[in-house]
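These are the residues of each chain, in order.
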Amino acid sequence: MTWQRWLVTALSFALMLAVSAWVVAGHWPASGMPWLAWPVHAAALATVTAEIATRAFKIQASARSCGIPLSFGTALRVCLAGDFAAAITPARSGAEPARFLVLAESGTPPASRVLVLFLELFLEMWSLALVCVVLAVLFRGRGASTTGLLGLVGGYSTFVLAIGAIGLVLSRRNAHGPPPAWATRIGLHAGRWRTVQHTLRALRGAVQSLRHANPGLMLLAFAGSVLHVLFKVATLPILVFIGDPTFALTMDSLAPLVLWPLALFYGGVVVPAPGGGGFIEGAFAATLSDAIPASMFAAALLWWRFYTFYLYILIGGLAAGDATLRALRRGAATHGSSNASSHASTERQ
C-alpha cells in the first residue's frame, strides 16, 4: 500500500461516510432514531461470531482433508486478515495476498498455501450456488426481482467456476513451453506468460491434491461454507425483525431482506473503490427503502453496515497487524542470526 493507494482508500471511505450521512438524513424518522434493544445487538454479534467461526472451520477442515495441518487459530487469522485487506483495497483485491501472508507467517509451505486459498474459493463458489438454488425454491413466485437477484449471484459463482475450469484445461496443455499464438495476440509476451504458467501449474497441483482429499472432512468443510453464507445474509433480517417486533415476518417481507444483501455482498466485488465508495449504501437505500419500516430504516442501514463491514475492519486489522508483526519479528531474528554467523566466521578467519 503506497501513499497514493492510502489516499484513494481515504477518499473512498470519506465518500462512503458522506453517502451514509446523506441516506440517513433523508430517511430520518419523525419520532427520532430508534434505540435498538440489547437483544438485537446480542443476536447480531452472535451471527457475526458464527459467520467467522464457520468460515475459519471451512478453511481448517478443507486444509486437513488434503493433509495440511492447519490450526483453527491460523484459519481464523487467515479469514480476518483477508477481510481487512479486502476492505481497504480496490475491488477487494488485497484479500488473497493478505491470506497468503498469514499462511506464510504460520510456516505453511508455498504449495500448501496455494491449495488452501484454492479450496477456500472453490468451496465458496459451490456453497453460494447451492444457497441460490435453495433460495430460488423458497422464494419462488415472489416477483421478477427475486429471479434476477438469484440469477445475478448464481451467475457470479458460475462465472468464477467456469474461469477455474478454463484454467484447468489450460494447465494441462500450456503449463510449459513458449506462449501460444493466441496469448501473443492479446499481449502475453514470454515474461508474462511464465507468470501465467506458474499460476496454471499451481492450479493443476491444487486440483490433483483435491482428488486425494478426505471426503468426510471435505463434506464438513462444504457444510461450514454453506453456513457461513447463510450467517452472512442473516444480519439484516435479525436487525429488522427483532428490532421491530410489530413487523410481520412473512416470505414476502423476508425475501428482499435476504436477497438484496446477498447481491450487495457479492455484486460489490465489481466496484473498484475500496469499501464500495458509497455504492453499497446508495444501493441499500434504492432497493430496500420500501422493504424496511420507515421508522427504523436509518438504524437498520447503520447497524447492518457496522456488523457486516466496519466490525470486520476492526477485528481484521488486529489480525493483519499481528501477522505483520510476527513476520517482521521473524525476519529480524533471521537477519540477526545471519549477522551473528557472519561475525563469528570473520572472527575465526
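First, a word on what this report is: a plain description of the structure on this page. (Residues numbered from 1 in each chain as written. Predicted model: local features only at pLDDT ≥ 70, side-chain atom pairs only at ≥ 80, totals over all residues. Heavy atoms only, no water.)

Some details on the overall build of the protein chain
Keep this limit in mind: Under the DSSP-based scheme used, a helix requires at least four consecutive residues in state H or I and a strand at least two consecutive residues in state E, with every element numbered from the N terminus. Think of it in three bands: residues with accessible area under 20% of the maximum for their type are buried, residues over 50% are exposed, and the middle band is partly exposed, with areas taken using a 1.4 Å probe on protein chains only. Every residue pair with non-hydrogen atoms within 4.5 Å of one another is taken to be in contact.
A tally of regular secondary structure across the protein chain gives 12 helices and 0 strands. Across the protein chain, helices and strands are ordered from the amino to the carboxyl terminus as α-α-α-α-α-α-α-α-α-α-α-α. Taking all 349 residues of the protein chain together, the buried fraction comes to 44%. Long-range pairs, those at least 24 residues apart, make up 76% of the contacts in the protein chain with a sequence separation of at least 6.

Observations concerning the environment of F222
In this fold, F222 is placed in helix α9 (residues 215-243). Separated by 160 residues in sequence, F222 and S62 place their C-alpha atoms 8.1 Å apart. What F222 contacts, discounting residues up to four positions off in sequence, is L123, W126, S127 and L130.

Description of the environment of Y266
By secondary structure assignment, the location of Y266 is in helix α10 (residues 251-267). When its relative accessible area of 10% is taken as the criterion, Y266 is described as buried. Spatially, the C-alpha atom of Y266 lies 9.7 Å from that of L128, the residues being 138 residues apart in sequence. In this structure Y266 touches E124, L128, V153, Y156, H228 and V229, once residues within four positions along its chain are discounted.

So, the packing of α9 against α10
Any two packed helices are characterised by how steeply their axes cross, that is the angle between the axes, and by the distance between the axes. Selection criterion: Lines fitted to the C-alpha atoms define the axes, with helices restricted to the stretch that makes contact. Angles between their N-to-C directions range from 0 to 180 degrees. Roughly parallel means an angle under 35 degrees; roughly antiparallel, over 145; roughly perpendicular, 65 to 115; everything else is oblique. By the definition used in this description, the sense in which the near helix is turned from the far one sets the handedness, with an anticlockwise turn below a right angle giving left-handed and a clockwise turn giving right-handed. Amino acid classes used here: Ala, Val, Leu, Ile, Met, Phe, Trp, Tyr, Cys and Pro are nonpolar; Asp, Glu, Lys and Arg are charged; the rest, including Gly, are polar.
Where α9 contacts α10, the two axes come as close as 9 Å, and the packing angle between them is 130°. Comparing the axis directions of α9 and α10 gives the class oblique. Seen along the crossing, α9 lies across α10 with a hand that is right-handed. Where α9 abuts α10, its residues H228, V229, K232, V233, L236, P237, V240 and F241 lie against S253, L254, L257, V258, P261, L262, F265 and Y266. The residue inventory of the contact of α9 with α10, partitioned by class, reads 13 nonpolar, 2 polar and 1 charged.

Overview of the side chain of S62
Mapped onto the elements, S62 comes out in helix α2 (residues 38-65). Leaving out residues up to four positions away in the same chain, S62 has contacts with L119, L123, M218 and A221.

With respect to the nonpolar core
Heads up, the condition is: By convention a nonpolar core is built from buried Ala, Val, Leu, Ile, Met, Phe, Trp, Tyr and Cys residues, the set being connected through side-chain atoms within 4.5 Å.
If you look at the biggest cluster of nonpolar residues, it comprises 49 residues, and the most contacted ones within it are L236, L257, L262, F284, L288, I292 and W304. When residues of this core are traced back to their parent elements, those giving at least two are α1 (3-26), α2, α5 (110-138), α9, α10, α11 (279-288) and α12 (297-348). Formed by 23 residues, the second largest nonpolar core is a distinct cluster that contains A61, A81, L103 and L117.

With respect to the pattern of salt bridges
Short version of the rule: What counts as a salt bridge is simple: a side-chain nitrogen of Lys or Arg found within 4 Å of a carboxyl oxygen of Asp or Glu.
Following the criterion strictly, the structure yields 8 salt bridges and no others. The shortest N-O distance in the salt bridge between K58 and E120 comes to 3.3 Å. Pair noted here: K58 is in helix α2 and E120 is in helix α5, with a separation of 62 residues, a long-range link. Residue classification places K58 among the buried positions, given a relative accessible area of 0%. The residue R77 makes a salt bridge to E105 at a minimum N-O spacing of 3.9 Å.

Let's talk about the packing of aromatic side chains
The line we're drawing: Think of it this way: a Phe, Tyr or Trp ring, Trp meaning its six-membered ring, pairs with another when their centres are within 6.5 Å, and the plane angle makes it stacked under 30 degrees, edge-to-face over 60, tilted otherwise. Only lysine NZ and arginine CZ atoms are considered, and such an atom sits over a ring when it is within 6 Å of the ring centre and within 35 degrees of the ring normal.
Evaluated as defined, the whole model comprises 11 aromatic pairs. Taking the centre distance of 5.8 Å and the plane angle of 40° together, the rings of F265 and W304 count as tilted. Taken together, the positions of F265 in helix α10 and W304 in helix α12 put the pair 39 residues apart, joining distant regions of the chain. Accessibility assignment for this pair places F265 and W304 in one class, buried. Ring geometry for F309 and Y310: centres 5.2 Å apart, planes at 75°, overall edge-to-face. Through pairs of rings, three or more aromatic residues link up here, namely F265, F284, F297 and W304. Here the guanidinium or amino end of K232 rests over the ring plane of Y312, the centre of that ring lying 4.2 Å away. Positioned over the ring face of F309 is R305, at 4.3 Å from the centre of the ring.

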